[in-house]
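# What the coordinates show
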Amino acid sequence: MAQIFHRFLAVGVAAVRRALMVGGDMNAPVPQYSLTRRKNMRRTVLRVGADGAVRVSAPPWVARREIDEFVASKAAWIARRQALADTLPAPLTAGLEAEQLKTWIWEQLDDLMPVWCARMGVEPQPRVSLKIMKSRWGSCNALRRSISLNVELGRRGRDALEYVLVHELAHLFESNHGPGFYALMDLHLPDWKQRRKALRAR
Ligand SMILES: [Zn+2]
């Protein structure tokens, strides 16, 4: 019973807060955030990191009060993102887990790489490096014929790793994500969209 009451109370408080914010109440609570000023930005950008920290970037001419109001207006969204961040595994850092994931990825690449290079007509095989990357799953330098794969892929399983590998190999032929690129993906890995969706879903 106490629990039910508590839930009602929480919903009630959230509703009141929302109502206050819609009304533009200046006393609406401002979630804690860190601020970076960037000269070449045109608008204020807010991000909630994987660690739940709120980071705001704003052009120099936007007043601090305006930024506070902006952040306060996003309070509900921020709270949802932070709740989600709590359920995510900690971002990968150098250490034992990363080394184990690398070993596993290299084992998979032993057979994936020759198979896919043969299927796609990639000759010679590109050089591969495994890196801990913050914002992408892989990258390809077609000129140097080198591919980087995110070590985090080791947590996502073989289908995900294979999808990113084929994606980066396709960049050896098509540098952009244009129609030619997606035609290659459709041809070689018809279920690539499902794999991408699975990779994006946390
Ligand atoms: Zn790409």
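Just above, that's the structure.
Below is a short write-up of the structure. (Residues numbered from 1 in each chain as written. Predicted model: local features only at pLDDT ≥ 70, side-chain atom pairs only at ≥ 80, totals over all residues.)

Here we take up the sheet that holds strand β6 (residues 146-150). Read from one edge of the open sheet, 3 strands run β4-β6-β5, paired in mixed fashion. This sheet does not close on itself; its edge strands, each paired only once, are β4 (127-131) and β5 (138-141). Mean inter-strand twist for the sheet, computed between neighbouring axes without regard to direction, equals 15 degrees. Relative to β6, β5 runs antiparallel, the two being bridged by 4 bridges. Bridged to N141 within β6 is S146. Strand contacts of helix α5 (residues 158-170): β5 and β6, with the helix running at about 25 degrees to β5, the strand carrying the most contacts. (Pairing = 2+ DSSP bridges. Helix = DSSP H or I, 4+ residues; strand = E, 2+ residues; numbered from the N terminus. Axes fitted to C-alpha atoms, helices over the stretch in contact; angles between N-to-C directions. Contact = placed C-beta atoms within 7 Å.)

Turning our eyes to something else, we now look at the pairing of β6. Where β4 and β6 come together, 5 bridges link them in parallel fashion. Bridge pairing links R127 to S146 in β6. Counting the residues in the hairpin turn of β5 and β6 gives 4 residues, including R145, whose phi is positive at 50 degrees.

Before going further, it helps to examine the nonpolar core. With 18 residues, the main nonpolar core has I105, L149, L153, L161, V164 and L165 as its most contacted residues. In this structure, V164 is in contact with W137, G138, L149 and L153, ignoring residues within four places of it in sequence. (Core = buried A, V, L, I, M, F, W, Y, C linked by C-beta atoms within 7 Å. Buried ≥ 20, exposed ≤ 12 C-beta atoms within 10 Å, placed from the backbone.)

So, about the packing of α5 against helix α7 (residues 192-200). For any two helices packed against each other, the geometry is given by the interaxial angle and the distance between the axes. Axis separation between α5 and α7 bottoms out at 10 Å; the angle between their running directions is 115 degrees. As α5 runs across α7, the sense of the crossing is left-handed. Where α5 approaches α7, its residues D159, A160 and Y163 are matched on the opposing element by W192, R195, R196, A198 and L199. Looking at the contact of α5 with α7, its residues break down into 5 nonpolar, no polar and 3 charged. (Left-handed = near helix turned anticlockwise from the far one by under 90°. Nonpolar A, V, L, I, M, F, W, Y, C, P; charged D, E, K, R; others polar.)

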